[in-house]
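# Structure at a glance
What follows is each chain in one-letter form.
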Amino acid sequence: ASELSPAERIAGYEAAEAWADQAVERAPGRSEGYLWQAIAHGRIATSAGSLRLALRGWTGGRGPSWLEATLRKAVSLPEDFRFFGFSTRGDALHALAQFYRLAPTGWYMSLVGTRGDLDRAIELSRESVALQPTRIEYRKELAVELFCRGGENDVAEAVAELETAGSIPGITRIDRIDQQH
């Protein structure tokens, strides 16, 4: 299988975003559509460049503050769907935590209406781990956030999270890849 070009990837993410937009339109009280809007748009932003995303925010489009608000909406809606122990709420918490870890924290972010917040990211990741303690990627994200913050007890807690993640039986190929990295 050949790898997709950047333009082909963006086109795929844009198609996913259009489907997610339809999901939100048809079921505005369900969190899944909002989660997939944010995931697809976030992938577009990381593929096309964050500067382009920031510029969209300045012009009233889907910028960083839209992405944050969409993830917050996915987190806020009642959870009514679980699939083999996986939940939309857990995935939304995980995605919002990643947003707060990856978004810059500089003063200039006030121009786009949001900013990174490592403490908030850790809080959300702890909530996602508590909700679904066997999700390896949730524990890895929490460990990364703790390493990034680097507080007095953070490194020891991060190592403990990684050790726990390594001890969870990997069910999927992605789980096993997560455990190796």
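Residues numbered from 1 in each chain as written. Predicted model: local features only at pLDDT ≥ 70, side-chain atom pairs only at ≥ 80, totals over all residues. Heavy atoms only, no water.

## So, the overall build of the protein chain
This is how it is decided: Helix and strand definitions follow DSSP, with helices as H or I runs of at least four residues and strands as E runs of at least two, each counted in order from the N terminus. Think of it in three bands: with a 1.4 Å probe and only protein chains considered, a residue is buried below 20% of the maximum accessible area for its type, exposed above 50%, and partly exposed in between. Residues are treated as being in contact if the distance between any of their heavy atoms lies within 4.5 Å. Shrake-Rupley sampling with a 1.4 Å probe provides the accessible areas, and residues are treated as covered by the protein chains on show and by no other component. Under this rule, positive means Lys or Arg and negative means Asp or Glu; His and the chain ends count for nothing. Note on charges: their place is set at NZ of Lys, CZ of Arg, CG of Asp or CD of Glu.
For the protein chain, the count of helices and strands is nine helices and two strands. Written out in order from the N terminus, the α and β elements of the protein chain read α-α-α-α-β-β-α-α-α-α-α. Principal-axis analysis of the C-alpha atoms places the extent of the protein chain at approximately 45 × 40 × 40 Å. The 181 residues of the protein chain split such that 39% are buried. When contacts within the protein chain are restricted to residue pairs at least 6 apart in sequence, long-range pairs at least 24 apart make up 59% of them. A total of about 10,300 Å² of accessible surface is found on the protein chain, and carbon and sulfur atoms cover 58% of it. Between the averaged position of the 21 positive side-chain charges in the protein chain and that of its 25 negative side-chain charges there is a distance of 3 Å.

## A closer look at the packing of aromatic side chains
Basically, it comes down to this: Ring pairs shown here join Phe, Tyr and Trp side chains whose ring centres sit within 6.5 Å, with only the six-membered ring taken for Trp; geometry is labelled stacked below 30 degrees between planes, edge-to-face above 60, and tilted in between.
Per the stated rule, a full pass over the model turns up two aromatic pairs. Each ring, one from W107 and one from Y108, has its centre 6.1 Å from the other, and the planes form 80°; the classification is edge-to-face. Residue Y108 is classed as partly exposed on the basis of its relative accessible area of 41%.

## Regarding the environment of Y138
Checked against the element boundaries, Y138 lands in helix α7 (residues 136–149). According to the relative accessible area criterion, Y138 is buried, its value standing at 0%. Distance from Y138 to H94, taken between C-alpha atoms, is 6.4 Å for residues 44 residues apart in sequence. When residues no more than four places from it in sequence are discounted, the contact partners of Y138 are S87, G90, D91, H94, S128, V129 and Q132.

## Here we look at the confidence of the model for the protein chain
So the rule is basically this: Looking at any residue, its pLDDT shows the predictor's confidence there, from 0 to 100.
Of all residues in the protein chain, 92% have pLDDT values of 70 or greater, and the mean over the chain is 88. Here helix α3 (residues 50–58) is the element of the protein chain with the lowest mean pLDDT, 59, and helix α6 (residues 118–131) is the one with the highest, 97.

## A word on the packing of helix α5 (residues 88–102) against α7
If you want to describe how two helices pack, look at the angle between their axes and the distance between the axes. As a reminder of what qualifies: To get an axis, a line is fitted to the C-alpha atoms, and for a helix only the part in contact is used. The angle between two axes follows their N-to-C directions and goes from 0 to 180 degrees. Should an angle lie under 35 degrees it is considered roughly parallel, over 145 roughly antiparallel, and from 65 to 115 roughly perpendicular; all remaining angles are considered oblique. By definition, turning the near helix anticlockwise from the far helix through less than a right angle yields a left-handed crossing, and turning it clockwise yields a right-handed one. Note on residue categories: nonpolar means Ala, Val, Leu, Ile, Met, Phe, Trp, Tyr, Cys or Pro, charged means Asp, Glu, Lys or Arg, and polar means any other residue, Gly included.
Look at α5 against α7: their axes get within 11 Å of each other, and the N-to-C directions meet at 25°. Taken together, the axes of α5 and α7 lie roughly parallel to each other. Considering the relative orientation of α5 and α7, their crossing is left-handed. Facing G90, D91, H94, A97, Q98 and R101 of α5, the residues of α7 in contact are E137, Y138, E141, V144, E145 and C148. In terms of residue class, the contact of α5 with α7 is made up of four nonpolar, three polar and five charged.

## Quick word on the nonpolar core
So the rule is basically this: Think of a nonpolar core as a cluster: buried Ala, Val, Leu, Ile, Met, Phe, Trp, Tyr and Cys residues, connected wherever their side-chain atoms sit within 4.5 Å.
L35, L71, L96, F99, Y100 and L124 are the most contacted members of the largest nonpolar core, which has 20 residues in total. At the level of elements, α2 (31–48), α4 (64–76), α5 and α6 are the ones that each hand at least two residues to this core. Element by element, the count of residues in this core is highest for α5, at seven residues. Leave out the neighbours within four places in its chain, and L71 touches L35, A38, A95, L96 and F99.

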